[in-house]
Amino acid sequence: MTAHVNTSARQDRHGTPPSLTDQAYEAIRDLIVTLQIRPGAPISEEQLMRRLGLGRTPIHQAIKRLESERLVAIFPRRGTFATEVNITDLALITEVRLQLEGHAAYSAAKRRTRAEQEELRRLLEEFDEPATTDADLMRLDTEVHRAIYRCTHNSYLEATLGSYYNLATRIWHLFLDRLPHVSEHIEQHRPLLEAIIAGHADQACDLACAHVSQFESTVRSAL
């Protein structure tokens with residue numbers, strides 16, 4: 001099935017539409033993170049061009065970027081593959097996220113603009129709408145994390161945390177069918193968003209760290 005990238009109205013915080021490379025990066029990233037491209041599976045630029053409706057150059061540049069973020073591995077004379085998932089990496093990823101997620105939540109509570117407060121409130125409203133599938137819950141989880149990263153107004157922190165979040169979320173998807181309490185994990189975002197909106201930075205930091213710790217514990221319980 002062909003799944004072209006939707007480029008209709010999405011813009012960054014400055015009102016600038018994403019480049020073709022950014023569109024390709026986001027689309028391929030999400031295919032890998034949600035396991036629509038499975039760990040270890042070969043990646044064909046030609047197939048992605050047809051699937052996403054984008055040209056070779058943005059696809060190629062996106063794949064190189066994903067290689068730097070450890071979602072893609074490129075082997076000379078063998079080809080390009082989605083990286084394998086090594087569960088032993090979970091502890092290492094969590095070690096980094098425990099340091100950065102709390103700091104990001106703290107910074108977001110200090111720096112979020114009024115417009116960003118409204119964006120976070122809109123996300124809060126989604127918690128009152130019952131999600132029908134785990135995929136819906138994971139989409140909300142992703143939107144919350146990326147919104148918080150944007151609110152830090154630190155592009156280096158946003159990019160770094162985005163990369164580690166992608167690696168962690170791919171592990172989450174790998175065990176999704178074994179996790180009975182996904183909704184409870186996602187519900188932890190409600191007090192976190194409320195703290196950031198209210199500007200309670202220390203509380204936001206503590207909640208974010210607790211969320212990351214609980215994520216690792218939940219995944220390990222499914223092993």
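Every chain is numbered independently, its residues counted from 1 as its sequence is written. Whole-chain, interface and lining totals are the exception, using all residues; otherwise, since this is a predicted model, local features are given only for residues with pLDDT of at least 70 and side-chain atom pairs are given and counted only at 80 or more. Excluded from the side-chain calculations are hydrogens and water; all other atoms, namely the structure's heavy atoms, are used.

A. Molecular detail of the overall build of the chain. Broken down by element type, the chain carries ten helices and two strands. Walking the chain from its N terminus toward its C terminus, one meets helices and strands in the order α-α-α-β-β-α-α-α-α-α-α-α. Within these notes, the globule rule equals 2.2 Å times the number of residues to the 0.38 power, and the radius of gyration is based on C-alpha atoms. For the chain, whose C-alpha radius of gyration is 18 Å, the value lies close to the compact-globule estimate of 17 Å for 223 residues. Seen along its three principal axes, the alpha-carbon backbone of the chain occupies a region of about 50 × 45 × 35 Å. Only protein chains enter the area calculation, which uses a 1.4 Å probe; residues under 20% of their type maximum are buried, those over 50% are exposed, and those in between are partly exposed. When the 223 residues of the chain are sorted by exposure, 44% land in the buried category. Sequence separation of at least 24 residues holds for 74% of the intrachain contacts in the chain that already meet a minimum separation of 6. We treat Lys and Arg as the positive residues and Asp and Glu as the negative residues; His and chain ends play no part in the count. To locate a charge, the coordinates of NZ of Lys, CZ of Arg, CG of Asp or CD of Glu are taken. Seen as two clouds, the 26 positive and the 31 negative side-chain charges of the chain have centres 6 Å apart. By the criteria applied, helices consist of DSSP H or I runs no shorter than four residues and strands consist of E runs no shorter than two, each listed in order from the N terminus. By the convention used here, residues are in contact when the closest approach between their heavy atoms is within 4.5 Å.

B. Representation of helix α6 (residues 134–151) in the model. One less than the residue count of a helix, multiplied by 1.5 Å, gives the span that helix is expected to have. Helix length check: α6 (18 residues) gives 26 Å between terminal C-alpha atoms against 26 Å at 1.5 Å per residue, within 8%. Residues Leu 137, Met 138, Leu 140, Asp 141, Thr 142, Val 144, His 145, Ala 147, Ile 148, Tyr 149 and Cys 151 constitute the buried set of α6. In this structure, the buried side of α6 is in contact with α4 (89–111), α5 (114–126), α7 (155–174), α8 (182–187), α9 (189–198) and α10 (201–221). Looking at the residues trailing α6, positive phi occurs at His 153, about 55°.

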